[in-house]
Amino acid sequence: MLVTLRQILNLCEARKCAVGSFNTPNLEAVMAVIGAAEELDVPVIIQHAEVHEEIMPIDVIGPIMIAMAKKAKVPVCVHLDHGETLEYVCRALDLGFTSVMYDGSVLPFEENLANTQMVVSFARQTGASVEAEIGCMGKRETGTGSAGNGTDPDKIYTDPEQAKIFVEATGIDALACSFGTTHGVYLSAPKLDFSVVERVREKAHIPVVMHGGSGVSDEDFRRAIRSGVRKVNYYTYMAIAGGKGIEDQFRMGCIPLEKNGKKYKYCYSLVEGDHDEPVMYHDIVRWGTQAMKENCKKAMKVFAMKDK
Ligand SMILES: [Zn+2]
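Within each chain, residue numbers correspond to sequence positions counted from 1 in written order. Two thresholds apply to this predicted model, a pLDDT of at least 70 for residue-level local features and 80 or more for giving and counting side-chain atom pairs, whereas whole-chain, interface and lining totals are computed over all residues. The side-chain figures draw on all heavy atoms in the structure; neither hydrogens nor water molecules are used.

1. Side note on the environment of E84
The test is simple: Per the convention used, a helix needs a DSSP run of H or I reaching at least four residues, while a strand needs a run of E reaching at least two, with both numbered from the N terminus. Buried residues are those whose accessible area, probed at 1.4 Å on protein chains only, stays under 20% of the maximum for their type, while exposed residues exceed 50% and partly exposed ones sit between those limits.
Along the polypeptide, E84 turns up in the loop between β4 (76-83) and α4 (86-95). The class for E84 is partly exposed, based on a relative accessible area of 33%. C-alpha separation for the pair E84 and S105, spaced 21 residues apart in sequence, amounts to 9.3 Å.

Below, the structure is given as structure tokens:
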């Protein structure tokens, strides 16, 4: 069933756990995430990031996400991830998204605050929830480029006092905080400061959202959730798992070759045990979907705090 972010967060508060929020820039990801949530019987968030517009327009995938959420056996929120312009946020609301994130974290604090207030007033008209961000998560959602306010690591942690002012002035439902995580594939082990989460909760009384779980251990995810994280954004490692699931099938038939002194690999598939059988596109999709689903289930179990 289709629900709002606030409804899911209320559940998570009661259960002292977090909800996974997964990017779904294709049909396969939507199916993998909802399928995993149904198998584990946990609520879930499927989200579309503005930076994924170039690989999948929101106008195409949005209605599919909403239709699949309505049909699901578990509560599903359809969320906009990192809406960077008010125009794009409004497009998501018009499509029927039940939650939007406005990300003005690279703007000056006052401008971010004013824009977020506007987003909250738009969202109230459709009943959608709002997530916003202060502080900065470093790289963008795709894991490329920099959206940072400089490179000093201390400066990128969310200030709990600022969080209190921001939350009270905007009336948002969830706040994305920077406490040492980063988007994309991690290059060095993240230095997490869980006290930032605790102090934001204490001052601002709001569910905290953790972005960029790359390189974070299961134990650190649990610690973050015990500190007050209630929504965890997750994508990179699910997407890599999908790619690897496909690669593994092809690897079954890889032979190293050497020709004219040049080394290369000849890869073929052993689908159905027949070397000559061509690979069908629908098989590739199935392998990828299955691998993403298994990866999601692992993450969901950690976020649900069921295996502590
Ligand atoms: Zn993010």
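So, next bit.
2. Regarding the packing of helix α2 (residues 27-40) against helix α10 (residues 281-303)
Using the following cut-off: To obtain each axis, a line is fitted to C-alpha atoms, and for helices this fit is confined to the stretch in contact; angles are then taken between N-to-C directions over 0 to 180 degrees. Throughout, the term roughly parallel applies to angles under 35 degrees, roughly antiparallel to angles over 145, roughly perpendicular to angles from 65 to 115, and oblique to all others. Helix crossings get a hand from a simple test, with the near helix turned counterclockwise from the far one by less than a right angle marking a left-handed crossing and a clockwise turn marking a right-handed one. It only takes one pair of heavy atoms within 4.5 Å for two residues to be counted as in contact. Each residue is assigned to one class: nonpolar for Ala, Val, Leu, Ile, Met, Phe, Trp, Tyr, Cys and Pro, charged for Asp, Glu, Lys and Arg, and polar for all the others, Gly among them.
Interaxial distance between α2 and α10 falls to 8 Å at its minimum, and their mutual angle equals 45 degrees. Our classification of the angle between α2 and α10 gives oblique. As for the relative orientation of α2 and α10, their crossing is right-handed in sense. Where α2 approaches α10, its residues E28, A29, M31, A32, V33, G35, A36, A37, E39 and L40 are matched on the opposing element by V285, T289, M292, K293, C296, K297, M300 and K301. Across the contact of α2 with α10, the residue classes break down as 11 nonpolar, 2 polar and 5 charged.

3. Section: the packing of aromatic side chains
The relative placement of two aromatic rings is captured by the distance of their centres and the angle of their planes. Worth spelling out the cut-off: By convention, a stacked pair of Phe, Tyr or Trp rings (six-membered ring in the case of Trp) has centres within 6.5 Å and planes under 30 degrees apart, an edge-to-face pair has planes over 60 apart, and any other such pair is tilted.
Applying the stated criterion across every chain, the model contains 5 aromatic pairs. Seen in terms of ring centroids, F221 and F303 are 5.3 Å apart; in terms of plane orientation they differ by 70 degrees. Their pairing is edge-to-face. Of this pair, F221 sits in helix α8 (residues 218-227) while F303 sits in helix α10, placing them 82 residues apart in sequence. For the pair formed by F221 and F303, the shared burial category is buried. An aromatic cluster of at least three residues, connected via ring pairs, comprises F22, F221, Y234 and F303.

4. Overview of the packing of α2 against helix α3 (residues 58-71)
Close contact between α2 and α3 brings their axes to 10 Å; oriented N to C, the two are set at 20 degrees. One element, α2, and the other, α3, form an angle in the roughly parallel class. Where α2 crosses over α3, the two elements pack in a sense that is right-handed. Counted together, L27, V30, M31 and I34 of α2 and I61, I64, M65, M68 and A69 of α3 form the full contact between these two elements. Its residues placed into classes, the contact of α2 with α3 shows 9 nonpolar, no polar and no charged.

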